[in-house]
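Below, each chain spelled out in residue letters.
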Amino acid sequence: VGPKLLQYVLKVLVQSVQLLYTLLRIDQPSYILLQQNPPGLPSIAVAWVAGLWWGSKLIIDWHNYGYSIMSLSHGRSHPLVLIAKWYEKLFGRLSDYNLCVTDAMKKDLWVNFKIKAVTLYDRPASYFKETPLDLQHSLFMKLAKDYEPFRPRYYRAVSPGADRSAFTQRDGSSGSVLKARGRPALLISSTSWTGWESLLFSVSNKVVLSSPDYERFIEEGAELPALVCVITGKGPLKDYYNGLIQKLHLKHIQICTPWLEAEDYPLLLGSADLGVCLHKSSSGLDLPMKVVDMFGCCLPVCAIHFECLHELVKHNENGLIFRDSQELAKQLKMLFLDFPSLEGKLHRFRENLRESRQLRWDQSWDQTVLPLLGNRE
């Protein structure tokens, strides 16, 4: 109750008491790791106070700035945003060690906050990897029960007992799984279905995928496949955008918005032909975790440009970077020409990802963080 500013202050005070009470009841730690800031208000200050009590060292893992996220809704000059920036700058300096997710953030922390940090790039967990064909088929058959785009395009002509999806089929004599002839291309993206990200999703899909461009390319004779666009995620605006999608009348594009079980998401990434990332950083200094997971599955990506994206997506090596919907449309046409040929850029990007042999999370932690803590730790 009361004015929003009062509500916010009371919320911060209550959270501070709860968090400090919890930290002071645990066994004495050598280190307190503040994992993935933001949110840092009030956790940075509370963790610092707890560190003083215990004699522990404080490590802050900077993924972004809380004040830059607040500025999306309040504006950069709002008093709350300015207070949040002052708070992060003050208490961030009191930490013993700092980790960050990009070299751009490392530089920004030093220039603007006088905080020395070590870059620890996000890495995919070990279960993000290419999906074997048998598992792809099982996943597609499972999804086909609820989502029409995963069924054979002309499924009415297929016998009811046929072991076939839109993308794969099982050979009746040998039992082996094969890619379906004339299959559509599988494009995957994800969104939290919140206001600013979904607005970008809406623009990209309505202007690019739902515009006449891709279908016009096919009508003009380009050897392009049909597209199945899977948009995963869960959020408050999902139903609203599903309503917009249902009003579209497309011949060659199907858009599907499933809610996947946790174990199915990496399997679907490992089965897709292309990922699309619409993530925009509020600070321009963090990287999209969804692309990290896609690369773990050796899935090439088209990603919308922002300042430090080049630290993850290498244009024309493991994916493409676009700046607007028209550029994305041209990239889709180029990548899917003569699909599913193994000779174009799409295949070369995937091969480059396979050859890069990216570090996994635990390996990256051992190489970057453990030396900070000393051998005995």
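Here the residue numbering is sequential within each chain, running from 1 through the sequence in written order. A pLDDT threshold of at least 70 governs which residues receive local features in this predicted model, and a stricter bar of 80 or more applies before side-chain atom pairs are shown or counted, although totals over entire chains, interfaces and linings include all residues. Just so you know, side-chain values use all the structure's heavy atoms and leave hydrogens and water out.

- With an unreviewed UniProt entry as reference, the chain is termed Chitobiosyldiphosphodolichol beta-mannosyltransferase, source organism Nesospiza acunhae.
- We quote the UniProt Catalytic activity (unreviewed entry) comment for the chain here in full: "an N,N'-diacetylchitobiosyl-diphospho-di-trans,poly-cis-dolichol + GDP-alpha-D-mannose = a beta-D-Man-(1->4)-beta-D-GlcNAc-(1->4)-alpha-D-GlcNAc-diphospho-di-trans,poly-cis-dolichol + GDP + H(+)".
- UniProt positions are given in the numbering used here, feature names are shortened, and annotations may be inferred rather than shown by experiment. We quote the UniProt Sequence similarities (unreviewed entry) comment for the chain here in full: "Belongs to the glycosyltransferase group 1 family. Glycosyltransferase 33 subfamily."

### Some details on the pattern of salt bridges
Right, so step 1: Salt bridges are identified by distance alone: a Lys or Arg side-chain nitrogen within 4 Å of an Asp or Glu carboxyl oxygen. Applying the stated criterion across every chain yields a total of 7 salt bridges.
Right, so step 2: The salt bridge partner of Lys142 is Glu261, with a shortest N-O separation of 3.3 Å. One end of the pair, Lys142, is in helix α6 (residues 133–144); the other, Glu261, is in the loop between β9 (253–256) and α10 (264–269), and 119 residues separate them in sequence.
Right, so step 3: Relative accessibility decides the category of a residue: with a 1.4 Å probe and only protein chains considered, values under 20% of the type maximum give buried, values over 50% give exposed, and everything between is partly exposed. Owing to a relative accessible area of 34%, Lys142 belongs among the partly exposed residues under this scheme. Labels follow the DSSP assignment, with helices taken as runs of H or I lasting at least four residues and strands as runs of E lasting at least two, numbered in each case from the N terminus.

### Quick look at the packing of aromatic side chains
Right, so step 1: Stacked, edge-to-face and tilted labels apply to pairs of Phe, Tyr and Trp rings (six-membered ring for Trp) whose centres lie within 6.5 Å, assigned for plane angles under 30 degrees, over 60, and everything in between, in that order. Evaluation of the coordinates by the stated rule reveals 14 aromatic pairs.
Right, so step 2: Between Trp62 and Tyr65 the ring centres are 5.9 Å apart and the planes differ by 70 degrees, which places this aromatic pair in the edge-to-face class. By the burial criterion, Trp62 is buried, and Tyr65 matches it.
Right, so step 3: For the ring pair Phe128 and Tyr265, a centre distance of 6.3 Å and an interplane angle of 80 degrees mean the geometry is edge-to-face. Note that Phe128 is positioned in the loop between β4 (118–119) and α6 and Tyr265 in helix α10, a separation of 137 residues in sequence.
Right, so step 4: A residue is classified by how much of its surface remains accessible, and Phe128, at 6% relative accessible area, is buried.
Right, so step 5: On the basis of relative accessibility, which here comes to 18%, the residue Tyr265 falls in the buried class.
Right, so step 6: Following the ring pairs from residue to residue traces out a cluster consisting of Trp62, Tyr65, Tyr67 and Phe113.
Right, so step 7: Here the basic side chain of Lys114 rests over the ring of Trp110, its NZ or CZ set 5.8 Å away from the ring centre. Criterion for a charge above a ring: Lys NZ or Arg CZ within 6 Å of the ring centre, and within 35 degrees of the ring normal.

### A word on the sheet that holds strand β1 (residues 31–37)
For sheets, the rule is that strands pair by backbone hydrogen bonds, running either parallel or antiparallel.
Right, so step 1: Pairing between strands is defined by DSSP: at least two bridges between them are needed. With respect to topology, 4 strands assemble into an open sheet ordered β1-β2-β3-β4, the strand pairing being parallel. If you trace the sheet from one side to the other, it starts and ends with β1 and β4, each paired once.
Right, so step 2: By the bridge criterion, 2 bridges tie strand β3 (residues 97–100) to β4 in an arrangement that is parallel. Residue Cys100 lies in a different strand from β4, and its bridge partner there is Thr119.
Right, so step 3: Every residue pair with non-hydrogen atoms within 4.5 Å of one another is taken to be in contact. Between N-to-C directions, angles span 0 to 180 degrees; the directions come from axes that are lines fitted to C-alpha atoms, helices contributing only their stretch in contact. Lying over the sheet, helix α4 (residues 79–92) contacts β1, β2 (57–62) and β3, oriented at roughly 135 degrees with respect to β2.

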